[in-house]
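# Structural overview
So you can see what is in the structure, the chains are spelled out below.
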Amino acid sequence: MNAPAGQIAPPFSGSLPALLAEAQRRAGLDDFGTGEWREGLERALAEFDEAGFSPAGAIAAREFLLANLVARLRTVEGFKANPQAMARPIVRPMIVTGIVRSGTTALHKLLAVDPQFQGAEHWLCAAPQPRPPRAEWADNPDFITAKAALDAMIAVAPEVLDDHGMAVDTVEESLNILSHCFHSNMLPSQFDIPRYDAWFKSTDDTFSYRYLADVMRLIGANDPDRTWLLKNPTDTFSLAEILEVFPDAMIVQTHRDPLQAVPSIVNLLRGAHRMFRGEENIDYPKIFAREQEMWALAMERADAVKDANPGRVFDVDFRHFVKNQMEVVRKIYDHFGLELRPEVENAMQDWLDAHPRKSSTMQRFTPEDFGASTEELKQRYAAYRERYGYAQADGA
């Protein structure tokens, strides 16, 4: 890895002690808490020198790890400082999940309009703490830091704003909290670390969701009676673990034809890979193959859990959601016995009017755009497409 003059790309082999020490120095704290978080970090680091980072990308990858370590240190300190909040149960959280690019973000932000729900805003995922009054956010040092970091990422990869609707003061997916445990799809989806990826897919991650539950208690310390609203597509891979930690969860799973979703996922990841590897070093066929298999496994695992727990998950078809979002919302509320107040319904419609879909087409990319095969994609998702009514669309 050759860095330009004046810029040193950090080596990762053997760097764990120095990385932990630097995180402790930045946070001014030394307790990373209990749990199994260390193994994932060690496994990722073991492959980082082979991951094809650009010099700037290697520095960014190190900062990514440090940010999660610092967040973990500060969060553990928050747990200690708020013992009463940590004893409270998490009751009937609503969890939105589904294959990436199937409307999870839009549905999450739409449901978040309802004040009966609370979620984890972007800046609080990076710096978990009891949520202060919104009027104080702009002066909060953690809010300012998170906004600067997000602005820098958007400057490098503007598609995260267009395709994901990221904003520092709106609800963010819980993947950003689960990443503090280093057992996370965020790592293999952004970095070329196949051995870590295999370990991630084969290892129980209940401990990560127990950590997430504690973070929810911490952030919601000042709002103990509001229902939690979460969103994370990768939860489809871990529905069994979710039901272990949140046995009364209200789970909403969105669906979209993988012929549309998987190419869109790869395009969404383009910005991350550009940031860490450089545009000229992005291996699109390899990324496509990884995402194709990851989400096929996730759908299979989710279906197995749903078959064993009938009625626990409410399914939403992306085709129906884009045609009538409020009808889908009403069905979700009816299914889970929730009240949709008229003023909330009006506010949701106002949000939809202010955030129209940017594209009227259902498909912007094809597998062939990334050196992959439509026919192979059809074959891998044949059972899923048949189960959810997508195979009929093309006579497959």
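Residues numbered from 1 in each chain as written. Predicted model: local features only at pLDDT ≥ 70, side-chain atom pairs only at ≥ 80, totals over all residues. Heavy atoms only, no water.

For the protein, the count of helices and strands is 21 helices and 5 strands. In terms of overall size, the protein behaves like a compact globule, its C-alpha atoms giving a radius of gyration of 21 Å where 396 residues would be expected to give roughly 21 Å. Its C-alpha atoms give the protein principal-axis dimensions of roughly 55 × 50 × 40 Å. Each of the 396 residues in the protein was classed as buried or not, and the buried ones make up 56%. Side-chain charges in the protein split into 42 positive and 58 negative, and the spacing between the mean points of these groups amounts to 1 Å. (Helix = DSSP H or I, 4+ residues; strand = E, 2+ residues; numbered from the N terminus. Rg over C-alpha atoms; globule rule 2.2 N^0.38 Å. Buried < 20%, exposed > 50% of the residue type's maximum accessible area, 1.4 Å probe, protein only. Lys, Arg positive; Asp, Glu negative; His and termini not counted. Charge placed at Lys NZ, Arg CZ, Asp CG, Glu CD.)

If you walk through the whole model with that rule in mind, you get 33 salt bridges. A salt bridge links Arg 301 to Glu 241, with the shortest nitrogen-to-oxygen separation between them at 3.7 Å. You can see Arg 301 sitting in helix H15 (residues 284-308) and its partner Glu 241 sitting in helix H13 (residues 239-245), a full 60 residues away along the chain. The partly exposed category is assigned to Arg 301, whose relative accessible area is 30%. Overall, the relative accessible area of 7% leaves Glu 241 in the buried class. One network of salt bridges, in which partners are shared, links Asp 303, Lys 306, Asp 307, Asp 315 and Arg 387. (Salt bridge = Lys/Arg side-chain N within 4 Å of Asp/Glu carboxyl O.)

The subject of this paragraph is the environment of Ala 298. Mapped onto the elements, Ala 298 comes out in helix H15. By relative accessible area, which is 0% here, Ala 298 ends up buried. Other than its neighbours up to four places away in sequence, Ala 298 contacts Thr 236 and Phe 237. (Contact = heavy atoms within 4.5 Å.)

Bringing the packing of helix H14 (residues 258-277) against H15 into the picture now. Direction vectors running N to C along H14 and H15 enclose 125 degrees, while the axes themselves pass 10 Å from each other. Between H14 and H15, the angle is such that the two are oblique. In this structure, the crossing between H14 and H15 has a hand that is right-handed. Facing Val 262, Pro 263, Ile 265, Val 266, Leu 269, Arg 270 and His 273 of H14, the residues of H15 in contact are Tyr 284, Ile 287, Phe 288, Glu 291, Gln 292 and Trp 295. The residue makeup of the contact of H14 with H15, split by class, is 9 nonpolar, 2 polar and 2 charged. (Axes fitted to C-alpha atoms, helices over the stretch in contact; angles between N-to-C directions. Parallel < 35°, antiparallel > 145°, perpendicular 65-115°, else oblique. Left-handed = near helix turned anticlockwise from the far one by under 90°. Nonpolar A, V, L, I, M, F, W, Y, C, P; charged D, E, K, R; others polar.)

Once that is clear, we can look at empty space enclosed by the protein. Following the criterion strictly, the structure yields 2 cavities of 30 Å³ or more and no others. Lining the largest cavity are Leu 175, Leu 178, His 183, Ser 184, Asn 185, Phe 200, Asp 205, Ser 208, Tyr 209, Asn 232 and Thr 234. Looking at the lining of the largest cavity, the elements with two or more residues in it are helix H9 (175-178) and helix H12 (206-219). Here the residues of the lining of the largest cavity are counted per class, giving 4 nonpolar, 6 polar and 1 charged. (1 Å grid on protein atoms, 1.4 Å probe; cavity = no way out; pocket = protein on both sides within 12 Å on 5 of 7 lines; lining within 4 Å. Points joined across faces, edges and corners; volume = space filled by probe spheres on them.)

All right, on to the layout of surface pockets then. Taken as a whole, the second largest pocket encloses approximately 340 Å³ of empty space. Lining the second largest pocket are 19 residues, and of these Ala 112, Glu 121, Arg 134, Asp 169 and Val 171 lie nearest its centre. Split by residue class, the lining of the second largest pocket holds 9 nonpolar, 3 polar and 7 charged.

Time to look at the pairing of strand E4 (residues 250-255). In terms of burial, E4 is a largely internal element, 6 of the 6 residues being buried. Going residue by residue along E4, you find Met 250, Val 252 and Thr 254 tucked away on one face and Ile 251, Gln 253 and His 255 tucked away on the opposite face as well. Judged from the 5 bridges that link them, strand E1 (residues 94-98) and E4 form a sheet pairing that is parallel. The residue of E4 that forms the bridge with Gly 98 is Thr 254. Summarising the sheet, E4 and strand E5 (residues 313-317) pair through 5 bridges and their orientation is parallel. Among the inter-strand pairings, His 255 is bridged to a residue of E5, identified as Asp 317. (Pairing = 2+ DSSP bridges.)

Before going further, it helps to spend a moment on H12. If you check H12, its first and last C-alpha atoms are 20 Å apart, about what 14 residues at 1.5 Å a residue would give, namely 20 Å. Of all the 14 residues making up H12, 12 are buried; the element is thus mostly covered by neighbouring parts of the structure. Within the sequence span of H12, burial applies to Thr 206, Phe 207, Ser 208, Tyr 209, Tyr 211, Leu 212, Ala 213, Val 215, Met 216, Arg 217, Leu 218 and Ile 219. (Expected span 1.5 Å × (residues − 1).)

Residues Leu 41, Phe 48, Phe 53, Leu 65, Leu 69, Phe 191 and Trp 295 are the most contacted members of the largest nonpolar core, which totals 59 residues. Phe 191 has contacts with Phe 48, Phe 53, Ala 61, Phe 64, His 273 and Phe 276, leaving out every residue within four places of it along the chain. Met 166, Tyr 209, Tyr 211 and Val 215 belong to the second largest nonpolar core, which has 39 residues in total. (Core = buried A, V, L, I, M, F, W, Y, C linked by side-chain atoms within 4.5 Å.)

For residues that are not glycine, phi is negative in most cases, and the peptide bond is trans in most cases. Residue Arg 92 is not a glycine yet carries a positive backbone phi of 45 degrees. With respect to the secondary-structure elements, Arg 92 resides in the loop between helix H4 (83-86) and E1. On the basis of relative accessible area, Arg 92 is assigned to the partly exposed category, the value being 32%.

Purely geometric numbers; function is a separate question.
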